[in-house]
Amino acid sequence: MSAPAAPTTHDTAALNILKKVWGYDAFRGVQGDIVRTVAGGGNALVLMPTGGGKSLCYQVPSLLRPGVGIIVSPLIALMKDQVDTLRALGVRAAFLNSTLSLDGVREVESALLSGELDLLYVAPERLLLPRTLELLDRAPVALFAVDEAHCVSQWGHDFRPEYQGLNVLPDRYPHIPRLALTATADDRTRADILNVLQLGGAPQFISSFDRPNIQYRVANKEGPKTQLLDFINAEHRGDAGIVYCLSRKSVEETARWLQTQGVDAVAYHAGLPPRERNSAQERFLNEEGLVVVATVAFGMGIDKPNVRFVAHLDLPKSMEGYYQETGRAGRDGLPSTAWMVYGLADVVNVRRMLASSDAPEEVKRVESAKLDALLTYCEAATCRRQVLLSYFGEELPEPCGNCDTCLNPPSVRDATREAQMALSAVIRTGNRFGAAHLTDVLMGHATERVVSLGHHQLPTFAVGAAHDEKYWRGLLRQLVSLGYLAAGEHHGLSATGKARAILKGEQTLALRED
Ligand code: ADP
Ligand code: ZN
């Protein structure tokens, strides 16, 4: 990682543009460093949470540099809105995607060639057409920004094969700055991005994922609708909010029910007629205090600053999903709530859905690991924010004081001895077995596999027979969540450096009482 360049006159020009076009007085966090790097002709990787302010990182350099900034984005449905917003600010912006007529395409192409554009949004499949590439060969290009860059990675949940074709950019335009932006942070995804866009030597700008103004809460699901209504009435009456449900049916039922209870609510899901969907979205953006009950189809690119709560009546798919969905609350920085209820049935449900999907095994394994991480979060007896951030590779040194476990600590029991048993089972079996096998060893199940590996002769065999399988799986999950165990390939668990303190009895461990 190289240090950002020293301040230059570019900085003044950048701030002027920021003020003149957007009316903002200062860059936020690392935005200024990114703008300086790219405006100066450098490449960069930007890892910033949703709502962090990625757009300005390519918009400002596009205006600073001669030529047009090419923004690659998979979100075709949002391009028109983005372009309209920019045009309203006086920026010469356009988009190229399959929604344009042939005449529309020609118009944009000629504006591009005659230097009449500052920013051009392009869908990846459109960019990769020979016609577009030949056009770009002749056009003045200021930079390439690859938005949602995690789409290059098969490991991620949004994999788009076209994105892998973007390796054409470094090959064909080696001297034009490339900027990759994403809100998905895991190491594998990052490595894939660096590889496809050849950003190996480029500086990486990684922002904190913490959203301190969001209060995270997870409760046991008892009567979800009543729980939701009580929550809204007690804390968010008259506020704008989003309620996520898994199925279209529950979206409609919940919206209708909230209406009968005097909450201004509207349903949104992909099965509704476009007109109804658009009207729900328009109303949400323009009215104060509307609650949208929706499937995850709702929210991509919604930039409403004063969403006061995001509620989950069903489990999200992954921590990434949870983070992205809850991140739509409180973009204005004011206190907001991320509220979720989940129960055993939900866990069984998502597991069954995952198992019966016809996705390739590798994909299923990844998804199941992601689900495990989410469940660990749900069960955490420690600060939720610490668990959330640690999933994204970030360490929060102190409990946050603004999540349910910080505010109402659950009753916890010392589980140091059990943790020692589990950790030594992991180590003695060679740091490579999954939770099922480790549980067999701990409980003393002399399965064929246990015996054939000789694990029934280990001193840890059967030391944990006093607890049931659920207990041990729960304990192992918590150890992963807290970083005492690392999850590797094929779900294999291995003890981390942190585990030593527990094994040596230098540190105790308290876990949530079920
Ligand atoms: P992302 O793409 O990372 O989700 P956006 O670029 O949409 O985030 O920015 C999120 C919000 O923050 C937008 O409303 C944007 O106008 C605002 N914002 C971004 N940077 C600044 C800044 N430097 N000053 C004030 N507001 C900003
Ligand atoms: Zn906390």
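Above this text sits the structure in question.
Residues numbered from 1 in each chain as written. Chains lettered and ligands numbered in written order. Predicted model: local features only at pLDDT ≥ 70, side-chain atom pairs only at ≥ 80, totals over all residues. Heavy atoms only, no water.

Caption draft 1: Representation of the packing of aromatic side chains in the model. Scanning the entire structure with this criterion turns up 12 aromatic pairs. Taking the centre distance of 6.3 Å and the plane angle of 45 degrees together, the rings of Y216 and Y322 count as tilted. A residue pair is termed long-range when its members are at least 10 positions apart, and Y216 in strand β8 (residues 214–220) and Y322 in helix α14 (residues 319–326) qualify at 106 residues. In this structure Y216 comes out as buried when scored by relative accessible area, which is 1%. Considering the side-chain rings of Y391 and F392, the 5.2 Å spacing of their centres and the 85 degrees angle between planes classify their relative orientation as edge-to-face. Under the relative-accessibility criterion, Y391 is labelled partly exposed at 27%. Among the aromatic residues, ring-to-ring pairing joins F209, Y323, Y391 and F392 into one connected group. Lying over the aromatic face of F284, K304 brings its terminal NZ or CZ to 5.5 Å of the ring centre. When the ring centre of Y377 is taken as reference, the NZ or CZ atom of R384 above it lies at 5.7 Å. (Phe/Tyr/Trp six-rings, centres within 6.5 Å; stacked < 30°, edge-to-face > 60°. Helix = DSSP H or I, 4+ residues; strand = E, 2+ residues; numbered from the N terminus. Buried < 20%, exposed > 50% of the residue type's maximum accessible area, 1.4 Å probe, protein only. Lys NZ or Arg CZ within 6 Å of the ring centre and 35° of its normal.)

Caption draft 2: A look at helix α12 (residues 248–260). With 13 residues, α12 should reach 18 Å at 1.5 Å per residue; the first-to-last C-alpha distance of 19 Å fits that figure. For α12, the complete set of buried residues consists of S250, V251, T254, A255 and L258. All buried residues of α12 fall inside an arc of 130 degrees around its axis, so they share one side. Projecting away from the buried face of α12 at angles above 90 degrees are the exposed residues K249 and T260. Where the residues of α12 are buried, they touch α11 (224–235), β10 (265–268) and β11 (291–294). Note on α12: the residue one or two positions beyond its end, G262, has a positive phi of about 85 degrees. (Expected span 1.5 Å × (residues − 1). Arc of directions from axis to C-beta. Contact = heavy atoms within 4.5 Å.)

Caption draft 3: Region of the structure containing the site of ligand 1. Close to ligand 1 lie 15 residues; Y24, Q31, G51, K54 and S55 are nearest. In the environment of ligand 1, an oxygen atom lies 3.2 Å from a nitrogen or oxygen atom belonging to the side chain of R28. Here ligand 1 has 560 Å² of accessible area as a free molecule, and 77% of this is covered by the chains. Among the residues making up the shell around ligand 1, the classes are represented as five nonpolar, six polar and four charged. (Near = heavy atom within 4 Å. Polar contact = N/O pair within 3.5 Å; in protein donor to acceptor, adjacent residues only side chain to side chain. Areas by Shrake-Rupley, 256 points an atom, 1.4 Å probe, with all protein chains shown as cover. Nonpolar A, V, L, I, M, F, W, Y, C, P; charged D, E, K, R; others polar.)

Caption draft 4: Highlighting the coordination of the zinc ion (ligand 2). Bound to the zinc ion (ligand 2) on the protein side are C383 (SG), C400 (SG), C403 (SG) and C406 (SG), at distances that span 2.3 to 2.4 Å. Classification of the site at the zinc ion (ligand 2) as tetrahedral follows from its four donor atoms and the range of 100 to 119 degrees in their angles at the metal. Of note, the zinc ion (ligand 2) draws all its donor residues from one chain, in the sequence arrangement C-x16-C-x2-C-x2-C. (Donors = N, O, S within 2.8 Å, 3.2 Å for Na, K, Ca; no water. Tetrahedral: all angles 85-135°; square planar, octahedral: opposite > 155°, others 65-115°.)

Caption draft 5: Structural view of the sheet that holds strand β7 (residues 204–206). The sheet built from seven strands is open, its strands ordered β3-β4-β2-β5-β6-β1-β7 with parallel pairing. Each edge of the sheet is formed by a strand with only one pairing partner; in this case those strands are β3 (93–96) and β7. Shown here is a sheet whose adjacent strand axes are inclined to one another by a mean of 20 degrees, direction ignored. Alignment of β3 against strand β4 (residues 119–122), held across four bridges, turns out to be parallel. Bridge pairing links F95 to Y121 in β4. (Pairing = 2+ DSSP bridges. Axes fitted to C-alpha atoms, helices over the stretch in contact; angles between N-to-C directions.)

Caption draft 6: Representation of the packing of helix α16 (residues 361–379) against helix α17 (residues 384–391) within the structure. Across the interface, α16 lies against α17 with an axial gap of 9 Å and an inter-helix angle of 160 degrees. If you check the angle between α16 and α17, you find them roughly antiparallel. Considering only the axes of α16 and α17, their crossing is right-handed. Residues K370, A373, Y377, C378 and E379 of α16 pack against R384, V387, L388 and Y391 of α17. Taken together, the residues that form the contact of α16 with α17 break down as six nonpolar, no polar and three charged. (Parallel < 35°, antiparallel > 145°, perpendicular 65-115°, else oblique. Left-handed = near helix turned anticlockwise from the far one by under 90°.)

Caption draft 7: The pairing of β10, seen in detail. With burial as the criterion, each face of β10 is covered, one bearing A265 and A267 and the other bearing V266 and Y268. Taken together, the four bridges between β10 and β11 define a ladder with parallel strand orientation. Looking at β11, one finds that A267 is bridged to V293. As for the winding sense of the linkage, the β-α-β connection from β10 through helix α13 (residues 274–286) to β11 is right-handed. (Right-handed = clockwise from strand over helix to strand, strands pointing away.)

Spatial relationships are all this shows, so hold off on functional conclusions.
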